[in-house]
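Per-entry structural report
Listed below, chain by chain, are the residues.
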Amino acid sequence: MNAFAWMLLFPSLIFLILFTFYPVAGALKTSFYMADLSTPQPIYIGLDNYKGMMEDDVFWKVFTNNIWFAVGTVPTSILLALLMAVFANKIVRAKGLVRTAFFYPTLIPMIAIGNIWLFIYTPGYGMLSRFLANFGVGDINWLGTQSLVMIAMIIMVVWKEAGYFMLFYLAGLQNISQEMYESAEVDGVPKWKVFWRITFPLLMPTTLFVSIIALTNSFKLVDHLWIMTKGGPDNASNLLLYYVYEMAFKFWDQGMASALTTVMIALLLLIAAIQFFGLDRKIHYR
């Protein structure tokens, strides 16, 4: 029986090894070498790339940006997704239309999303500027102001991601037995208490899964940066994966790009492990 199961998994394992484990191992190996335009053949330098990274002010700025980006997008998108799922699950009329409207931003490619929101944020004739002008607010350069650009990016990503996470919550809500709600209604339990004592605890497995996916997305969504800001102004919107791209294909420093990739993967694995092993003990799966 185990041999048959492994045979079924074997094709997927091959793809996993070729397109995940092998590239990760290659990046780890390259991170110990100087591999840039000045070195036709990579030169082994040990941990020098990692030392240079720790002394790089741009790296720490980009790292801090990504942490704030994750803090802004992950809990907000999860909370919004939960609220949308509860609403879409209880609504009686136009249920299909509401669910489609909530999920639709997920279907739009990030490149197109970037162009749409670039028009929204454009000062002067952008949609947001024209709307705020009705309230006497002057033009605001959302993407050109260091203190505002990250907020603008967070709002855009939450708008796109929340509908995707809503699907998981919607599936979780539909798996909760209606008998529990009927018993609570008979006992006269307030609706907010029903949600806090029944719905939310039973959705914790879904929340764990969604939180890991949301956190991973917060470190890998960079397509919009190429369209909207190129990481500017002054790296105020730059994120780790885009910085890896710049290091590899703009500055052609493959060694430093590999070191950055290794650090980012290790960070994601650490945070995911903390999430999983920390929350899994508090979750009821039945």
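Residues numbered from 1 in each chain as written. Predicted model: local features only at pLDDT ≥ 70, side-chain atom pairs only at ≥ 80, totals over all residues. Heavy atoms only, no water.

**Here's the deal with the environment of Gly126**
- Relative to the assigned elements, Gly126 resides in the loop between helix H5 (110-121) and helix H6 (127-133).
- Taking the relative accessible area as the measure of exposure, Gly126 reaches 0% and is therefore buried.
- When the C-alpha atoms of Gly126 and Met256 are compared, they prove to be 39 Å apart, with 130 residues separating the residues in sequence.
- Other than its neighbours up to four places away in sequence, Gly126 contacts Phe119 and Ile120. (Helix = DSSP H or I, 4+ residues; strand = E, 2+ residues; numbered from the N terminus. Buried < 20%, exposed > 50% of the residue type's maximum accessible area, 1.4 Å probe, protein only. Contact = heavy atoms within 4.5 Å.)

**Brief notes about the side chain of Ser211**
- Locating Ser211 in the fold gives a position in helix H10 (residues 204-220).
- Sequence-distant contacts of Ser211, defined by excluding residues within four places in its chain, comprise Val74, Ile78 and Gln275.

**Here's the deal with the packing of aromatic side chains**
- Applying the stated criterion across every chain, the model contains 21 aromatic pairs.
- With a centroid separation of 5.1 Å and 65° between ring planes, the pair formed by Phe59 and Trp60 is classed as edge-to-face.
- The class for Trp60 is partly exposed, based on a relative accessible area of 37%.
- When the centroid spacing of 6.0 Å and the interplanar angle of 85° are considered together, the rings of Trp226 and Tyr245 count as edge-to-face. (Phe/Tyr/Trp six-rings, centres within 6.5 Å; stacked < 30°, edge-to-face > 60°.)

**Structural notes on the side chain of Lys160**
- Within the secondary structure, Lys160 is located in helix H7 (residues 146-174).
- With no salt bridge to any partner, buried Lys160 finds its closest opposite charge in Glu161, at an N-O distance of 5.5 Å.
- Within the structure, Lys160 has its side chain in polar contact with the backbone oxygen of Pro105 (distance 3.4 Å).
- Discounting chain neighbours no more than four positions away, the residues touching Lys160 are Pro105, Thr106, Ile108, Met110 and Ile113. (Lys, Arg positive; Asp, Glu negative; His and termini not counted. Salt bridge = Lys/Arg side-chain N within 4 Å of Asp/Glu carboxyl O. Polar contact = N/O pair within 3.5 Å; in protein donor to acceptor, adjacent residues only side chain to side chain.)

**Examining helix H4 (residues 95-107)**
- Along its 13 residues, H4 runs 19 Å from first to last C-alpha, staying within 8% of the 18 Å computed at 1.5 Å per residue.
- Residue Ala101 marks the point of greatest curvature in H4, where the axis turns by about 30°; the proline Pro105 follows within four residues. (Expected span 1.5 Å × (residues − 1). Bend = angle between axes of the 7 residues up to and from the residue.)

**Topic: the packing of H5 against H7**
- For the pair H5 and H7, interaxial distance at closest approach is 11 Å and the crossing angle is 130°. The orientation of H5 with respect to H7, classified from their angle, is oblique. Like other packed secondary-structure pairs, H5 and H7 cross with a definite hand, here right-handed. Facing H5, whose interface residues are Met110, Ile113, Gly114, Trp117 and Tyr121, H7 presents Ala152, Ile155, Met156, Trp159 and Lys160.
- For the contact of H5 with H7, the per-class residue count stands at eight nonpolar, one polar and one charged. (Axes fitted to C-alpha atoms, helices over the stretch in contact; angles between N-to-C directions. Parallel < 35°, antiparallel > 145°, perpendicular 65-115°, else oblique. Left-handed = near helix turned anticlockwise from the far one by under 90°. Nonpolar A, V, L, I, M, F, W, Y, C, P; charged D, E, K, R; others polar.)

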